[in-house]
Amino acid sequence: MKIFNYKFVSARHPQTCKPIKDPAASNGVSNLQRCRAAGYLTLAAVLLAGIKLALRNKAAQKWSEIMKNLSIPTGYEPALNLHDTQIAIKTVKDFFQNLLAERLNLLRVSAPLFVTPESGLNDNLNGVERPVSFGIKDQGEAQAEIVHSLAKWKRYALQKYGFSVGEGLYTDMSAIRRDEETDNIHSIYVDQWDWEKIITKEMRTLDTLKDTVRNVYKVLRKTEKYMAIRYDYIEEILPHDIFFITTGELEKMFPDSTPKEREYYISKEKRAVCVMQIGDLLASGEKHDGRAPDYDDWALNADIIVYYPVLDIALELSSMGIRVDKEALLSQLEKAGCPERAELPFQKAVISEALPYTIGGGIGQSRICMFFLRKAHIGEVQCSLWPEYVMEEARKARLPLL
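Here is what the cut-offs are and how they apply
- Residues numbered from 1 in each chain as written.
- Predicted model: local features only at pLDDT ≥ 70, side-chain atom pairs only at ≥ 80, totals over all residues.
- Heavy atoms only, no water.
- Helix = DSSP H or I, 4+ residues; strand = E, 2+ residues; numbered from the N terminus.
- Buried < 20%, exposed > 50% of the residue type's maximum accessible area, 1.4 Å probe, protein only.
- Contact = heavy atoms within 4.5 Å.
- Areas by Shrake-Rupley, 256 points an atom, 1.4 Å probe, with all protein chains shown as cover.
- Pairing = 2+ DSSP bridges.
- Axes fitted to C-alpha atoms, helices over the stretch in contact; angles between N-to-C directions.
- Phe/Tyr/Trp six-rings, centres within 6.5 Å; stacked < 30°, edge-to-face > 60°.
- Lys NZ or Arg CZ within 6 Å of the ring centre and 35° of its normal.
- Salt bridge = Lys/Arg side-chain N within 4 Å of Asp/Glu carboxyl O.
- Arc of directions from axis to C-beta.
- Left-handed = near helix turned anticlockwise from the far one by under 90°.
- Nonpolar A, V, L, I, M, F, W, Y, C, P; charged D, E, K, R; others polar.

Observations regarding the overall build of the protein
Of regular secondary structure, the protein possesses 10 helices and 11 strands. Residue burial in the protein is summarised as follows: out of 402 residues, 45% are buried. Looking at the protein alone, contacts between residues at least 24 apart form 73% of all its contacts between residues at least 6 apart. Only carbon and sulfur atoms are counted for the fraction: they give 54% of the accessible area of the protein, which is about 21,100 Å².

Focus: the sheet that holds strand 1 (residues 106-108)
Here we have 8 strands laid out as an open sheet, ordered 1-5-6-11-10-9-8-7, and mixed in their pairing. The open sheet has two edge strands, strand 1 and strand 7 (243-246), and neither has a second partner. Taking the axes of each pair of neighbouring strands and ignoring which way they run, one obtains an average angle of 25° across the sheet. The pairing of strand 8 (residues 272-276) with strand 9 (residues 296-308) spans 5 bridges and is antiparallel. Paired with valine 273 across the bridge in strand 9 is isoleucine 305. Where helix 4 (residues 206-230) meets the sheet, it contacts strand 6 (189-199), strand 7, strand 8, strand 9, strand 10 (313-323) and strand 11 (357-364), and its direction lies at approximately 25° from that of strand 9.

With respect to the packing of aromatic side chains
Inspection of every chain in the model, using the stated rule, returns 10 aromatic pairs. Note on tyrosine 156 and phenylalanine 346: the rings are 5.8 Å apart at their centroids and 70° apart in plane angle, and the pair reads as edge-to-face. Here phenylalanine 346 lies in helix 8 (residues 345-351) and tyrosine 156 lies in helix 3 (residues 153-160), a separation of 190 residues in the sequence. For tyrosine 156, a relative accessible area of 27% corresponds to the partly exposed category. Its relative accessible area of 2% is what places phenylalanine 346 among the buried residues. Within the aromatic cluster, the residues linked to one another by ring pairs are Phe254, Tyr264, Tyr265 and Tyr307. Stacked on the ring of phenylalanine 244, the Lys or Arg lysine 210 has its end atom at 5.5 Å from the ring centre. Above the plane of the ring of phenylalanine 371 lies arginine 374, whose end atom (NZ or CZ) is 5.0 Å from the centre.

Concerning the pattern of salt bridges
The final tally for this structure, using the stated rule, is 25 salt bridges. Among the ionic pairs, aspartate 94 bridges to lysine 90, the shortest N-O distance being 2.5 Å. In this pair, aspartate 94 and lysine 90 are both assigned in helix 2 (residues 82-104), 4 residues apart and thus about one turn of the helix distant. Where lysine 260 meets glutamate 263, a salt bridge forms, and the shortest distance between an N and an O atom there is 3.7 Å. Pair noted here: lysine 260 and glutamate 263 are both in helix 6 (residues 259-270), with a separation of 3 residues, about one helical turn.

Remarks on unusual backbone geometry
With a phi angle near 60°, glutamate 141 is a residue other than glycine that sits in the positive phi range. Mapping glutamate 141 onto the fold places it in the loop between strand 3 (133-136) and strand 4 (142-146). Positive phi outside glycine occurs at arginine 374, with the angle close to 60°. Structurally, the position occupied by arginine 374 is in the loop between helix 9 (365-372) and helix 10 (388-396).

Some words on helix 10
By the burial criterion, the buried members of helix 10 are Val390, Glu393 and Ala394. The buried residues of helix 10 all sit within an arc of 105° when viewed along its axis, so they share a single face. Of the residues in helix 10, the exposed ones pointing more than 90 degrees away from the buried face are Glu388 and Lys396.

Regarding the packing of helix 2 against helix 4
It is the contact of helix 2 with helix 4, at a shortest axis distance of 10 Å, that shows an interaxial angle of 145°. Considering only the axes of helix 2 and helix 4, their crossing is right-handed. Touching Ala88, Thr91, Val92, Phe95, Phe96, Leu99, Leu100, Arg103 and Leu104 of helix 2 are Thr212, Asn215, Val216, Lys218, Val219, Leu220, Lys222, Thr223, Tyr226, Met227 and Arg230, all from helix 4. Here the residues of the contact of helix 2 with helix 4 are counted per class, giving 12 nonpolar, 4 polar and 4 charged.

Regarding the sheet that holds strand 3
On the basis of which strands lie adjacent, the open sheet formed by 3 strands has the order 2-4-3 and antiparallel pairing. The strands lining the two open edges of the sheet, one partner per strand, are strand 2 (114-115) and strand 3. Where strand 2 lies against strand 4, 2 bridges are found, and the strand directions are antiparallel. Along strand 4, the bridge assignment pairs phenylalanine 114 with isoleucine 146.

Put into structure tokens, the structure is as follows:
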């Protein structure tokens with residue numbers, strides 16, 4: 001690489017313009033020229049050192065990005081090959097969903113992959129994620145959006161399909177979350193069981209929420225026990241009971257920590273935790289985490305989080321909640337700064353009390369497969385897209401991403 005170009009210039013007589021010979025010159029090279037040459041060489045050395053430093057910084061930055069997106073536990077080796085992993089995934093899913101349906105009295109139904117934006121049915125998640133949308137040629141390029149979740153659609157379906165109090169539905173939900181920051185437990189592809197169940201207005205209480213959480217947790221424990229019997233390398237690590245705590249109580253316990261750090265500390269101590277009341281502002285003026293204002297009641301929702309020793313992290317397996325009624329919806333839309341959403345069809349149906357009162361949630365299919373099979377990366381149990389440098393490092397570590 002040519003960094004610079006130069007030539008030596010000697011002093012000249014102002015009248016004859018002939019070069020003036022430097023008395024100290026040797027072999028036709030003056031001290032002045034030597035100094036200039038030394039200066040250029042010093043400059044070259046400085047430039048080369050700068051280039052080397054920049055390359056090292058770039059390499060360090062790339063490695064930092066890799067470590068942010070990929071964590072490989074020391075000494076990790078998959079216990080199952082790709083073929084046997086596929087068998088184990090089906091074993092986990094079949095056992096879990098059948099037992100969940102039995103314990104919560106749920107019926108499996110078909111569900112949409114996409115909805116129209118104007119229906120208000122799509123899950124807004126934290127309010128900043130962009131849905132994947134497309135035009136439908138046969139309908140004049142009318143727009144449709146890939147669902148983020150089916151939280152709102154399920155409430156409509158319960159009414160349309162004629163379910164009664166105490167009955168519910170579940171479905172396989174697939175979604176694309178294009179703005180997801182991917183790592184060992186996050187993917188742009190989301191697969192989960194979305195479930196919903198009809199309750200009465202009088203059942204919209206913390207006791208109902210806790211009873212439902214306990215039932216879901218029992219299914220998780222039964223599944224782990226079943227997998228431990230089927231596979232010798234799997235040991236039972238879930239405690240007998242799940243620990244309940246609100247986000248406000250968690251903030252008081254760890255006031256100087258971030259929400260994610262709080263979840264890590266409490267899950268490592270208790271091993272299985274139900275964190276309740278997510279979405280509203282805490283005493284500090286901050287939120288524990290974002291929640292859309294128009295499906296969960298922020299005072300009556302929860303996440304099931306377990307400690308996962310393979311990665312030494314807090315791992316969320318399920319998010320659920322009692323859904324908004326008229327009062328909760330209007331209040332939360334105002335707090336979220338989007339009261340205009342009250343005019344959308346779904347929200348109007350809630351306000352007019354045309355929809356049943358419900359409780360529901362989502363349970364990550366790949367998450368529980370990863371947890372029960374003790375995998376180090378969610379890409380070991382689902383097919384998705386990952387950055388090339390993550391794929392390369394995974395290959396080097398013999399971490400088999402599907």
